[in-house]
Amino acid sequence: MLVLVACSEEHERADASVDAARGSDASTTECDEMLGAACEDPSACGGELQCESGRCMVGRAGCGGFAGALCEGALECLYFTSADYGACVTSAERECLCARARASFSGCE
C-alpha cells in the first residue's frame, strides 16, 4: 500500500507539472466527453467548456482573426472551418477534437 501512495503522489506531481506548462486552465480532461460536442446554447457544455462556433471547447482566448492573435505557451491554434479564427488547444485536445468533429475544423490531418 505504501508503494501505491507513493505512485499516486508522483502522478499528482506530474499532473501539476503538465498543468503548469499548459497554463492555469488545463484542468479540463484532455478528451472530456463533451469536448467537441455540438452546441447552440452557451451553457450547454457545462464545467469549464464553452460553446464556440457550434462546438464545446475549453474556455481559453481565441487565436487568428483580424488581429492574428497567437496562442500562449505550448498551445496551438485550431482554426474553425471557413473562418480566419480558431481556438487555442493542447496537442491532445486537437487530436480529440479532430477525431470527434473533423468537419468543424481546418487543419485536421
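Details of the structure are given in the entry above.
In this report, the structure presented in the accompanying data block is examined. (Residues numbered from 1 in each chain as written. Predicted model: local features only at pLDDT ≥ 70, side-chain atom pairs only at ≥ 80, totals over all residues. Heavy atoms only, no water.)

Here's the deal with the overall build of the chain
Then step 1. From N to C terminus, the chain includes two helices and five strands.
Then step 2. In the chain, the succession of α and β elements from N to C terminus is α-β-β-β-β-β-α.
Then step 3. A burial count over the chain gives 31% of its 109 residues as buried.
Then step 4. Split by element, the accessible area of the chain, about 6,700 Å² in all, is 56% carbon and sulfur. (Helix = DSSP H or I, 4+ residues; strand = E, 2+ residues; numbered from the N terminus. Buried < 20%, exposed > 50% of the residue type's maximum accessible area, 1.4 Å probe, protein only. Areas by Shrake-Rupley, 256 points an atom, 1.4 Å probe, with all protein chains shown as cover.)

Notes on the nonpolar core
Then step 1. Core analysis: the biggest nonpolar cluster contains 17 residues, and L35, L49, M57, L78, V89, L97 and F105 have the highest contact counts within it.
Then step 2. Going through the elements one at a time, β2 (55-58), β5 (85-89) and α2 (91-101) are the ones with two or more residues in this core.
Then step 3. Ranked by residues supplied to this core, first place goes to α2 with four residues. (Core = buried A, V, L, I, M, F, W, Y, C linked by side-chain atoms within 4.5 Å.)

Notes on the pattern of salt bridges
Then step 1. Across all of its chains, the model carries two salt bridges by this definition.
Then step 2. Linking E93 and R60 is a salt bridge whose minimum nitrogen-to-oxygen distance equals 2.7 Å. Placement of E93 in helix α2 and of R60 in the loop between β2 and β3 (62-64) is noted, with a sequence separation of 33 residues between them.
Then step 3. Accessibility expressed as a relative area gives 1% for E93, which makes it buried.
Then step 4. On the basis of relative accessibility, which here comes to 10%, the residue R60 falls in the buried class.
Then step 5. Of the charged contacts, one joins E76 and R94 as a salt bridge, the two residues approaching to 2.9 Å between their closest N and O atoms. With E76 in strand β4 (residues 76-79) and R94 in helix α2, this pair connects stretches of sequence that are 18 residues apart.
Then step 6. The class of E76 is partly exposed, set by a relative accessible area of 25%. (Salt bridge = Lys/Arg side-chain N within 4 Å of Asp/Glu carboxyl O.)

A few points about α2
Then step 1. Inspection of α2 places E93, R94, C96, L97, C98 and A101 among the buried residues, and these make up the whole buried set.
Then step 2. For α2, the elements touching its buried residues are β2, β4 and β5. (Contact = heavy atoms within 4.5 Å.)

Side note on the sheet that holds β4
Then step 1. Spatially, three strands are ordered β3-β5-β4 in an open sheet, and the strand pairing comes out antiparallel. Strands with a single pairing partner mark the edges of an open sheet, and in this sheet they are β3 and β4. Strand after strand, the sheet turns through a mean of 50° between neighbouring axes, direction not considered.
Then step 2. Alignment of β4 against β5, held across four bridges, turns out to be antiparallel. Paired with L78 across the two strands is A87, which belongs to β5.
Then step 3. Sheet strands in contact with α2 are β4 and β5, and its direction is about 15° off that of β4. (Pairing = 2+ DSSP bridges. Axes fitted to C-alpha atoms, helices over the stretch in contact; angles between N-to-C directions.)

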